[in-house]
Amino acid sequence: MADSGAMTLYKPLGLLAELTHRCPLGCPYCSNPLALDKRDDELDTATWMRVFKEAAGLGVLQVHLSGGEPGARRDLPEIAASAREAGLYTNLITSGVGITTRTIRDLWEAGLDHVQISIQDSDAVSSDRIAGYRGAYARKCALAAEVKRLGLPLTINLVVHRANIERIGAMVDLALDLKASRIEIAHVQYYGWALKNRAALMPSADQVARAAAEVEELRARHHGKIVIDAVVPDYHARFPKPCVGGWGRRSLNVTPSGKVLPCHAAEAIPDLEFWNVREHSLADIWASSPAFNAFRGTDFLPEPCASCERREIDFGGCRCQAFLLTGDARATDPVCHLSPDHTRVAELAAVQQDAPYNYRRM
Ligand code: SF4
Ligand code: FES
């Protein structure tokens with residue numbers, strides 16, 4: 001940690017490298033922005049190599065190779081090798097479609113440390129419908145088997161919403177069958193595509209309560225066999241999450257075209273100025289870019305956060321969600337039950353949604 005004037009400047013620990021926005025799947029809650037970076041604008045291999053060296057110099061310990069689908073990049077093994085050479089722990093986050101047996105072997109030879117595969121449901125037909133890609137489920141399972149054959153640690157990611165929330169137990173069974181050491185069960189976060197499709201994705205309060213109880217029971221039943229990480233759905237929580245560990249505090253995102261964001265959804269907040277790795281070093285961006293300094297620390301927070309003892313724990317919640325629900329990115333995240341805008345979230349969470357789940361982006 002270094003001190004830069006009045007503001008404490010922490011070292012970032014993690015870097016999300018969004019290598020491409022291209023992806024063969026079409027999940028209705030996709031975390032890609034609504035406006036995608038084009039293939040022609042993607043950073044080249046050499047620039048990613050420089051970014052990883054700069055990240056390591058800045059204190060970053062782990063890089064997540066993500067997308068879109070990172071397998072859409074032919075130079076993925078070279079990119080992974082350069083992250084490893086920079087001394088970074090290297091995690092691949094993949095849909096499982098687009099990573100061939102050859103590619104995963106090349107990645108393993110490049111020194112890849114860990115693989116996360118997203119699976120949309122334990123039911124193959126439903127999984128393919130949610131992904132919008134026939135045969136995706138089988139390919140995901142085949143890749144998981146290959147990952148384990150190579151001896152790599154595996155995490156299965158499940159994004160939970162109304163169409164699969166009743167099958168969390170079956171998903172944990174599937175993750176065990178696939179020899180995963182961890183399953184990450186994350187309810188949909190309502191930004192970007194998921195916000196557009198919120199009415200179709202949102203489970204009822206009863207479903208959320210049952211799912212939370214089931215996760216506790218599954219943790220006890222499978223203790224020592226698999227780690228079950230579960231993220232409470234924002235709209236049904238009492239306090240907000242400390243989103244990204246605090247704005248400009250622990251992590252950074254590099255988009256396919258090189259913009260550096262404090263979080264993956266930050267472009268939803270208008271008038272933020274993002275600097276690009278093509279023009280600035282990562283250290284310069286981390287310390288001085290206007291976007292990173294916009295909401296650093298807690299001094300900007302209004303009441304009730306300003307006098308709340310939790311403000312150094314959750315940093316007033318998520319800036320993107322505060323903006324999307326109140327129009328003010330400095331506001332207390334309305335997920336917090338103390339927020340003056342909480343009624344809106346409570347209403348959205350309490351409503352039994354009646355839009356059909358149509359398995360498509362709308
Ligand atoms: Fe967190 Fe602000 Fe709510 Fe306190 S009032 S719990 S700091 S969001
Ligand atoms: Fe941007 Fe939470 S997603 S701060």
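For the structure itself, look to the data block above.
Cut-off values and rules
Residues numbered from 1 in each chain as written. Chains lettered and ligands numbered in written order. Predicted model: local features only at pLDDT ≥ 70, side-chain atom pairs only at ≥ 80, totals over all residues. Heavy atoms only, no water. Buried < 20%, exposed > 50% of the residue type's maximum accessible area, 1.4 Å probe, protein only. Helix = DSSP H or I, 4+ residues; strand = E, 2+ residues; numbered from the N terminus. Arc of directions from axis to C-beta. Contact = heavy atoms within 4.5 Å. Near = heavy atom within 4 Å. Nonpolar A, V, L, I, M, F, W, Y, C, P; charged D, E, K, R; others polar. Core = buried A, V, L, I, M, F, W, Y, C linked by side-chain atoms within 4.5 Å. Pairing = 2+ DSSP bridges. Right-handed = clockwise from strand over helix to strand, strands pointing away. Phe/Tyr/Trp six-rings, centres within 6.5 Å; stacked < 30°, edge-to-face > 60°. Lys NZ or Arg CZ within 6 Å of the ring centre and 35° of its normal. Salt bridge = Lys/Arg side-chain N within 4 Å of Asp/Glu carboxyl O. Expected span 1.5 Å × (residues − 1).

Draft legend 1. Representation of helix α3 (residues 101-110) within the structure. Residues Thr103, Ile104, Leu107 and Ala110 constitute the buried set of α3. Looking straight down α3, one finds its buried side chains confined to an arc of 115 degrees; they lie on one side. With respect to the buried face of α3, the exposed residues turned more than 90 degrees away are Thr101, Arg102 and Glu109. Buried residues belonging to α3 abut α2 (76-85), β5 (89-94), β6 (114-118) and α5 (136-149).

Draft legend 2. Quick peek at the site of ligand 1. Around ligand 1, a shell composed of Phe239, Pro240, Pro304, Cys305, Cys308, Arg310, Arg311, Asp314, Gly316, Thr332, Cys336 and Leu338 is seen. Within the shell around ligand 1, the residues separate by chemical class into seven nonpolar, two polar and three charged.

Draft legend 3. Here's a closer look at the nonpolar core. Membership of the largest hydrophobic core comes to 62 residues, with the highest contact counts inside it found for Leu15, Phe52, Leu65, Ile156 and Leu282. Those residues in contact with Leu65, other than ones at most four positions away along the chain, are Ala17, Leu19, Phe52, Pro70, Leu76, Ile79, Ala80, Thr90, Asn91, Leu92 and Ile93. Counting residues in hydrophobic clusters, the runner-up holds 19 residues, among them Ala265, Phe274, Ala294 and Cys318.

Draft legend 4. Seen up close, the pairing of β5. Bridging between strand β4 (residues 62-66) and β5 involves four bridges; their strand directions are parallel. Each bridged residue has a counterpart across the sheet, and for Gln62 the counterpart in β5 is Tyr89. Crossover connection from β4 via α2 to parallel β5: handedness right-handed. Pairing geometry for β5 and β6, over four bridges, is parallel. Bridge pairing in β6 links Asn91 to His114.

Draft legend 5. Up close: the packing of aromatic side chains. By the definition in use, this model includes five aromatic pairs. Aromatic pair Trp286 and Phe292: ring centres 5.4 Å apart, planes at 55 degrees, arrangement tilted. By relative accessible area, which is 1% here, Trp286 ends up buried. Aromatic ring contacts, followed pair by pair, group Trp247, Phe295 and Phe300 into a single cluster. In this arrangement the basic side chain of Arg249 is found over the ring face of Tyr10, its NZ or CZ atom lying 4.3 Å from the centre. Its guanidinium or amino end placed over the ring of Trp286, Arg296 lies 4.9 Å from that ring's centre, counting from NZ or CZ.

Draft legend 6. Representation of the pattern of salt bridges. What the rule picks out here adds up to 17 salt bridges. Note that Glu42 is salt-bridged to Arg22, the shortest N-O span being 2.9 Å. Of this pair, Glu42 sits in the loop between β3 (14-18) and α1 (45-58) while Arg22 sits in the loop between β3 and α1; the two residues are 20 residues apart in sequence, bridging distant segments of the chain. Classification of Glu42 as buried rests on a relative accessible area of 12%. Residue class for Arg22 comes out partly exposed when judged on its relative accessible area of 23%. One salt bridge connects Arg149 with Glu146, and the closest N-O pair in it is separated by 2.8 Å. Residue Arg149 and its partner Glu146 are both found in helix α5; the two are separated by three residues, about one turn of the helix. Residue classification places Arg149 among the exposed positions, given a relative accessible area of 57%. What makes Glu146 buried here is its relative accessible area of 13%. Three or more residues joined by partner-sharing salt bridges are found here, namely Arg22, Glu42, Arg73 and Asp75.

Draft legend 7. Highlighting α1. Between its first and last C-alpha atoms α1 spans 20 Å; for 14 residues at 1.5 Å apiece the expected length is 20 Å, and the two agree. Along α1, the residues classified as buried are Thr45, Thr47, Trp48, Val51, Phe52, Ala55 and Leu58. On an axial view of α1, the arc spanned by its buried residues comes to 155 degrees, and they lie on one face. Of the residues in α1, the exposed ones pointing more than 90 degrees away from the buried face are Lys53 and Gly57. Among the residues trailing α1, Gly59 stands out with phi positive, at a value near 115 degrees.

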